[in-house]
Amino acid sequence: DVDIQNGHRLIRALSVIEVSGKSFSSFRTSSKKKRNFKTIHICLEWDREKLYERINRRVDIMLEKGLLEEAKSLHPYKHLNALQTVGYKELFDYFDELIPLEEAIRLIKRNSRRYAKRQMTWARKTDANFFHPDEYVSILEFINKRINS
């Protein structure tokens, strides 16, 4: 089953079929492979105000360290899917004179915060165990308990 709306996946599937002579779905197995290790899912969670403060500060630091120049060098390739990410999209709009630089920076911060919120929402739907980053002793105890169980 290939997503025919996704050109890259469609081309990949056709290449696999051409080279192997087998259907693309024949490579998928319904059984999970047995692994000789345990996975431990841990999510580090800041309180929202602190997280948003850290995100905003990180954007400022990235700008100080050359994000604007990096994005400018990538601007000719702005159509590429890999560059449709938070930070580049907003700066591309600035380079295209659609928004002022201050607005681009505000949007980068806002969109980064929204992305972090979506990540946390996704993580809550998994079997992740949540800890504050300062709880390193509790994290180590939790890991040791899981390893030895």
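One structure accompanies this document, and this report is about it. In this text the structure is predicted, and so the values were computed from the model without any measurement.

Our focus in this paragraph is the overall build of the protein. Per the secondary structure count, the protein includes six helices and two strands. Going residue by residue from the N terminus, the α and β elements of the protein occur as α-β-α-α-α-α-β-α. In terms of overall dimensions, the protein is more spread out than a globule: its C-alpha atoms have a radius of gyration of 22 Å, far above the 15 Å expected for 149 residues. When its C-alpha atoms are laid out on the principal axes, the protein stretches across 55 × 50 × 25 Å. Of all 149 residues assigned to the protein, the portion counted as buried reaches 22%. Contacts spanning at least 24 positions in sequence make up 51% of the contacts within the protein whose residues lie at least 6 apart.

Here we take up helix α4 (residues 88-95). Of all the residues in α4, the buried ones are Y88, E90, L91, F92 and F95. Trailing α4 by a residue or two, E97 shows a phi angle of about 60 degrees, which is positive.

Glancing now at unusual backbone geometry. Positive phi values are uncommon outside glycine, yet E97 reaches one of about 60 degrees. Looking at where E97 falls in the secondary structure, it is placed in the loop between α4 and α5 (101-124).

Our focus in this paragraph is the pattern of salt bridges. A full pass over the atoms with the stated rule returns five salt bridges. Between K78 and D96 there is a salt bridge whose closest N-O contact spans 2.4 Å. Here K78, found in the loop between α3 (67-74) and α4, pairs with D96, found in the loop between α4 and α5; they are 18 residues apart in sequence, far enough to count as distant. A relative accessible area of 31% means that K78 is categorised as partly exposed. E103 is paired through a salt bridge with R106; the nearest N and O atoms lie 2.8 Å apart. Of the two residues, E103 and R106 both sit in helix α5, three residues apart, roughly one turn of that helix. A relative accessible area of 26% places E103 in the partly exposed class.

Quick look at the packing of aromatic side chains now. Evaluation of the coordinates by the stated rule reveals three aromatic pairs. Each ring, one from Y94 and one from F95, has its centre 5.5 Å from the other, and the planes form 50 degrees; the classification is tilted. Among the residues examined, F95 registers a relative accessible area of 15% and is labelled buried. One Lys or Arg, K72, reaches over the ring of F95 and ends 4.8 Å from the middle of that ring. The ring of Y52 carries R113 above its face, with NZ or CZ at 5.8 Å from the centroid.

Now for the packing of α3 against α4. α4 packs onto α3 with a crossing angle of 75 degrees between their chain directions and a minimal axis gap of 10 Å. With respect to each other, α3 and α4 are oriented roughly perpendicular. Where α3 approaches α4, its residues L67, L68, E70, A71, K72 and L74 are matched on the opposing element by Y88, L91, F92, Y94 and F95. Looking at the contact of α3 with α4, its residues break down into nine nonpolar, no polar and two charged.

Attention now goes to the environment of V86. Residue position: V86 is located in the loop between α3 and α4. Excluding anything up to four places from it in sequence, V86 contacts I108, N111 and S112.

Definitions and cut-offs
- Residues numbered from 1 in each chain as written.
- Predicted model: local features only at pLDDT ≥ 70, side-chain atom pairs only at ≥ 80, totals over all residues.
- Heavy atoms only, no water.
- Helix = DSSP H or I, 4+ residues; strand = E, 2+ residues; numbered from the N terminus.
- Rg over C-alpha atoms; globule rule 2.2 N^0.38 Å.
- Buried < 20%, exposed > 50% of the residue type's maximum accessible area, 1.4 Å probe, protein only.
- Contact = heavy atoms within 4.5 Å.
- Salt bridge = Lys/Arg side-chain N within 4 Å of Asp/Glu carboxyl O.
- Phe/Tyr/Trp six-rings, centres within 6.5 Å; stacked < 30°, edge-to-face > 60°.
- Lys NZ or Arg CZ within 6 Å of the ring centre and 35° of its normal.
- Axes fitted to C-alpha atoms, helices over the stretch in contact; angles between N-to-C directions.
- Parallel < 35°, antiparallel > 145°, perpendicular 65-115°, else oblique.
- Nonpolar A, V, L, I, M, F, W, Y, C, P; charged D, E, K, R; others polar.

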